[in-house]
Every structure is written in C-alpha cells, then in structure tokens.
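# Reading the structure
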Amino acid sequence: MTRFDLHLHSALSACAEDCLSPRRLVERASRAGLSLLALTDHNASGNVPPAIEAGRQVGVEVVPGLELTTREEVHVLVLFDALEPLVDWQAVVDAALPALENRPAVFGHQVLYDAADEIIGVDDRLRQVGVSLGLEAITEAVHARGGAVIPAHVLRPRHSLVSQLGFIDPSASYDALELGRRDWQERGCRLGERLEGFPVLTGSDAHCLEDVGATWLEIDAAVHTIGGLLAAVRRMAA
Amino acid sequence: MTVEELVALLGLDPIHLEDPSSRTVTTAYCGDLLSDVMAHCPPGAVWFTVQAHVNCIAVAEVRDIACVVLVNGVSPDPQTAARAAAQGVTLCGSERSSAALCMRLSGHLAEDAPA
C-alpha cells in the first residue's frame, strides 16, 4: 500500500508559508501516513534535494518535481524519477523565465532551506510568472528526459488546462490529469477513473503546513518512483 | 469586409488563408483565455490573440471565426499552423498589438464588437 500526494509546495513558492520547510513538510506527511510525495514549487526546485534527504530520514520517498507555468499560463506538474533530470530541466526553465526580480512585498518570499531546517538563502528570481515555452513543447521535452507531465487542477477557473486552453484534447500525451480537491470530491472521483481518456489524480496543492497530509490517495502497491506510481495508476484505469 | 481586404488593411502576415476573397469578416474580438473566447467570440469575427496553442484552431472552428490573428509577433506552434491548414481555418500573424490592430480596424466593419 502506498499513500501519496503529488502536489505540495514549500517555502520556495512565493505564495506558500515561509515556514514551510522541506523537513517540516516531510515530517508532517510522514505523520499522516504518506510514504510518497512530490515537492512541486512554482517554476523552482531548489528545496527538492533537502526534501529528499529529510524524507529519507523519516521514510518518505520524495519525487523530484516542480509546478511549471507554461506560456499559456497553464499550471502543470513536471515530475521525474531522479534528481538529475530535474536539475537539467530546471536549467531549461530558468532560461525560459523572464529576467525579472521577485518582489517579496507583492508576491511573497522564496525561501531556501537545508535538510537540517536552516534557512540557507532566498531565491531572488521572479518565479510567479509564465515561462516562454508552450505546453506541447514542454510535454515533448519532459518526456524526452524521461519525466511525467500532469496538468494541475484542470477544471479550475484560473491557470488550468480548461480555463486557458478551453478544453482537454484527448489526443494530447499527458501522463495523467490532476483535479483540484474540491472538483475531485464534488465529482466523487476515484483512483482508476479517467477523464477524456487520461487517468485522474488529486493532490493537496498544499501551500501551508496545515494542508500537508490532509489530502492523499492510496494505491494497493508498493511504489517508490513517479514512473512506478503512474504505471500502477494506468493498470487500475485499464 | 472580406478576409483578403482585412489582410491588406491591417498588413497581416498570412500563415494559412482559406477562401480569402469570399469569406466575410463582420466583427472583431480580443481574448487570450480560450474558455472566454469559446463563450463570447461572435461568429464571423477576426480574433486577435497571443494564444498560439493548437487548441485555438479548434476554438476558431467551433465559433466559426473568420480569421485568427496572432499578435505581438507571436509565432504559432508547429501543430497550430498544420491544424489551421488541415481544418481550413484562416490564420495570420502581426507584429502589432491587439489594441493597435483594433484601432486601425475601427469603423471598417459592418457590426461593432459586442459590448
């Protein structure tokens, strides 16, 4: 059995709580019985390495990832089986972000922690903004790096596949679709179901410590990577 | 006004033209959220947008849009240009902004854009 959540923010997301360190996040997730989570900060992944390290100490597998804002301003989860391709992908993201500085008074702070829970720096780059790459090009490039692409909260009226791009194209090659917690509950969704042909998931989209561990899904298999998890979800949705 | 006349008036760069001498443009619409365009763009419109994703061609088909114009020098995704040709949707580009193009167009169309 694996209890998981593929959509969590840390203090590196400007809109998340500054005290939401990677260590606090994985410790709280562990107490809630999660054994696998993805850390998905907005266009950023600097808190992933300490999350992996802290997760190892409390028995939580951390999937390396980020929540990308595409040129169309669609939010998508980009997830990898290992840290290396994420580091490589982050360089692509950084090159595609506008060269603007974050304004903490407007957007919030982007705080970097280490695994021991110390603040080690602040990311000055504006990350609450779209990159210059389109969704289809991103999907292709992430797949070429062995990663997974999961459009986030697809039915929400802002920053979603549906709000920005009008509808979900069943011929697209996304690995799954994430529904926001409320849409998931209102529709009475279950793991194993499909939407427009894509397996559906939900995630907490936690931006504060309180929300970590409050939403999760469970799958009847022991999985340790995003590849393994998506394969298991696809089998359920077959 | 025909699509052909529109292209000449606004100095558009054609990417795919479908029957430009007979297709009529009756109104205009500006919008970049495809959910909004699907809900509100009138048929027969010239639609100004920065949205170069392939879904804009499907939206143009659904709303019977006369001409899609990618503004601000945005170039279409490769799938977008291919889909426009395959589906017979007129697609053009322009280095100018939606506002600049609308001001140039003002007074030339049969109907005003909806409020």
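Description of the structure in this document.

Analysis parameters
Residues numbered from 1 in each chain as written. Chains lettered and ligands numbered in written order. Predicted model: local features only at pLDDT ≥ 70, side-chain atom pairs only at ≥ 80, totals over all residues. Helix = DSSP H or I, 4+ residues; strand = E, 2+ residues; numbered from the N terminus. Rg over C-alpha atoms; globule rule 2.2 N^0.38 Å. Buried ≥ 20, exposed ≤ 12 C-beta atoms within 10 Å, placed from the backbone. Contact = placed C-beta atoms within 7 Å. Pairing = 2+ DSSP bridges. Axes fitted to C-alpha atoms, helices over the stretch in contact; angles between N-to-C directions. Left-handed = near helix turned anticlockwise from the far one by under 90°. Right-handed = clockwise from strand over helix to strand, strands pointing away. Core = buried A, V, L, I, M, F, W, Y, C linked by C-beta atoms within 7 Å. Arc of directions from axis to C-beta.

### Considerations on the overall build of chain B
- Secondary structure summary: chain B contains five helices and five strands in total.
- Counting from the amino terminus, helix and strand elements in chain B follow one another as α-β-β-α-β-α-β-α-β-α.
- Taking 2.2 N^0.38 as the reference for a compact globule, 115 residues should give roughly 13 Å; the C-alpha atoms of chain B span a radius of gyration of 12 Å, in line with that estimate.
- When burial is assessed residue by residue, chain B has 41% of its 115 residues classed as buried.
- Contacts in chain B between residues at least 24 apart in sequence constitute 52% of all its contacts with a sequence separation of at least 6.

### Points about the overall build of chain A
- Looking only at helices and strands, one finds eight helices and eleven strands in chain A.
- A compact globule built from 238 residues should have a C-alpha radius of gyration of about 18 Å, and chain A, at 16 Å, falls within 12% of that.
- When burial is assessed residue by residue, chain A has 49% of its 238 residues classed as buried.
- Considering only intrachain contacts with a sequence separation of at least 6, the fraction spanning at least 24 residues in chain A is 73%.

### Topic: the interface of chain B and chain A
- Taken together, the twelve residues of chain B in the interface contact eleven residues of chain A.
- Those elements giving two or more residues to the side of chain B that touches chain A turn out to be α2 (34–40) and α3 (55–62) of chain B.
- The biggest single contributor to the side of chain B that touches chain A is α2(B), with three residues.

### Considering the sheet that holds strand β2 (residues 36–39) of chain A
Residue and element names in this part refer to chain A.
- Pairing in this open sheet of six strands is mixed, and the strands run β7-β4-β3-β2-β1-β11 from one edge to the other. The two strands at the open ends of the sheet, each matched to only one other strand, are β7 (148–151) and β11 (217–219). Sheet twist, expressed as the mean angle between neighbouring strand axes with direction ignored, is 30°.
- As paired strands, strand β4 (residues 75–79) and β7 are joined by four bridges and run antiparallel to one another. If you follow Leu77 over to β7, its bridge partner there is Ile150.

### Regarding the packing of helix α1 (residues 22–31) of chain A against helix α2 (residues 48–58) of chain A
Residues and elements named next belong to chain A.
- The interhelical angle for the contact between α1 and α2, taken along N-to-C directions, is 35°, at an axis separation of 8 Å. Between α1 and α2 the crossing geometry is right-handed. From α1, Pro22, Arg23, Leu25, Val26, Glu27 and Ser30 reach across to α2, where they touch Pro50, Ala51, Ala54, Gly55 and Val58.

### Describing unusual backbone geometry
- Backbone geometry places His159(A), a non-glycine residue, at a positive phi of 55°.
- One can find His159(A) in the loop between β7 and α6 (161–165).
- Of note, the phi angle at Asn72(B) is positive, near 60°, even though the residue is not glycine.
- With 14 C-beta atoms packed within 10 Å, Asn72(B) lands in the partly exposed category.

### Quick look at the pairing of β2(A)
All names here are of chain A.
- Every second residue of β2 is oriented toward a common face, with Leu36 and Ala38 on one face and Leu37 and Leu39 on the other, all of them buried.
- The pairing of strand β1 (residues 2–8) with β2 spans three bridges and is classified as parallel. In the strand pairing of β2, Leu8 is matched with Leu39.
- Crossover connection from β1 via α1 to parallel β2: handedness right-handed.
- Across four bridges, the pairing between β2 and strand β3 (residues 61–69) is parallel. Counterpart to Ala38 in the pairing with β3 is Val63.

### Notes on the sheet that holds strand β9 (residues 194–195) of chain A
Residues and elements named next belong to chain A.
- In space, the three strands of this open sheet follow the order β8-β10-β9, with mixed pairing throughout. Every other strand in the sheet has two partners, leaving β8 (177–179) and β9 as the edge strands with one partner each.
- For β9 and strand β10 (residues 198–202), the ladder comprises two bridges, and the chain directions are antiparallel. Residue pairing across strands places Leu195 opposite Phe198, the latter belonging to β10.

### Focus on the nonpolar core
- In terms of nonpolar packing, the biggest core is built from 97 residues, with Leu37(A), Ile150(A), Trp47(B) and Val69(B) touching the most fellow members.
- For Trp47(B), the contacting residues outside a window of four places in its chain are Tyr29(B), Val37(B), Cys41(B), Ala60(B), Ile65(B), Val68(B) and Val69(B).

### Regarding helix α4 (residues 78–87) of chain B
Residues and elements named next belong to chain B.
- Here α4 has its buried residues at Thr80, Arg83 and Ala84. Buried residues along α4 cover an arc of 105° about the axis, so they all sit on one side. Across from the buried face of α4, at angles greater than 90 degrees, the exposed residues are Pro78 and Ala86.
- Where α4 is buried, its residues touch β1 (13–16), α3 and β5 (91–93).
- Gly88 lies just past α4 and shows a positive phi near 70°.

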